[in-house]
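Residues per chain, in single letters:
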Amino acid sequence: MTLLFLFTGLAIVIYLNQTPYQPRERDYAYAGSFYAFCIWIGFGVLAIVKAIDKYLPKIPRTASAAVVTLCCLGVPALMAQQNWDDHDRSNRYTCRDFGQNYLASIKPNAIIFSNGDNDTFPLW
């Protein structure tokens, strides 16, 4: 699991050598490391449930699982609260303006030849 995380996370960052400012997020390149991390999270939640069962044996298993589930729901809420402004594209018009200028510079029904998807991303 550690090798999967390292090779699809840190190693892919070094291999791709992406520039810091991209026209959009490239999170799909790190999907493998996200899967490994999610498996670790699942193991951690299971360990917490087992610890509750061990140290509080009178609580039913479904109750301990429900408590852990409710506690773990705070993690995505905290992540959303902390990262929302980083990924919010409200009042950002550079991409839209770039695409509009791109289309204004060509004739109707023209074919666009470009160097890659970064050039045509605003047209999507």
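Structure shown above.
In this report, the structure presented in the accompanying data block is examined. If you're wondering where the values come from, they're calculated on a predicted model, not measured in any experiment.

Calculation rules
Residues numbered from 1 in each chain as written. Predicted model: local features only at pLDDT ≥ 70, side-chain atom pairs only at ≥ 80, totals over all residues. Heavy atoms only, no water. Salt bridge = Lys/Arg side-chain N within 4 Å of Asp/Glu carboxyl O. Helix = DSSP H or I, 4+ residues; strand = E, 2+ residues; numbered from the N terminus. Buried < 20%, exposed > 50% of the residue type's maximum accessible area, 1.4 Å probe, protein only. Expected span 1.5 Å × (residues − 1). Contact = heavy atoms within 4.5 Å. Axes fitted to C-alpha atoms, helices over the stretch in contact; angles between N-to-C directions. Parallel < 35°, antiparallel > 145°, perpendicular 65-115°, else oblique. Left-handed = near helix turned anticlockwise from the far one by under 90°. Nonpolar A, V, L, I, M, F, W, Y, C, P; charged D, E, K, R; others polar.

## Brief notes about the pattern of salt bridges
And then number 1: For the coordinates displayed, the defined rule picks out two salt bridges.
And then number 2: Arg 96 serves as the salt-bridge partner of Asp 97, at 3.0 Å between the closest nitrogen and oxygen.

## Looking at the side chain of Ser 33
And then number 1: By the secondary structure assignment, Ser 33 is in helix α3 (residues 31–55).
And then number 2: You can call Ser 33 buried: its relative accessible area is 6%.

## Some words on α3
Every α-helix carries 3.6 residues per turn, so stepping three or four residues along brings you back to the same face.
And then number 1: Given a rise of 1.5 Å per residue, 25 residues ought to cover 36 Å, and the 36 Å separating the end C-alpha atoms of α3 matches this to within 8%.
And then number 2: Taken as a whole, α3 has its buried residues at Ser 33, Ala 36, Val 49 and Ile 52.
And then number 3: As for α3, its buried residues are in contact with α1 (2–8) and α4 (61–72).

## Regarding the environment of Tyr 102
And then number 1: Within the secondary structure layout, Tyr 102 lies in helix α6 (residues 94–104).
And then number 2: Remark: the alpha-carbon pair of Tyr 102 and Phe 5, spanning 97 residues in sequence, is separated by 40 Å.
And then number 3: Among residues more than four places away in sequence, those in contact with Tyr 102 are Ile 112, Ser 114, Asp 119 and Leu 123.

## Some words on the packing of α3 against α4
And then number 1: At a closest axis distance of 9 Å, the pairing of α3 and α4 adopts a crossing angle of 135°. By the angle between their axes, α3 is oblique relative to α4. Where α3 crosses over α4, the two elements pack in a sense that is right-handed. Between α3 and α4, the residues in contact are Val 45, Leu 46, Ile 48, Val 49, Lys 50, Ile 52 and Asp 53 and Arg 61, Ser 64, Ala 65, Val 68 and Cys 72, respectively.
And then number 2: In terms of residue class, the contact of α3 with α4 is made up of eight nonpolar, one polar and three charged.

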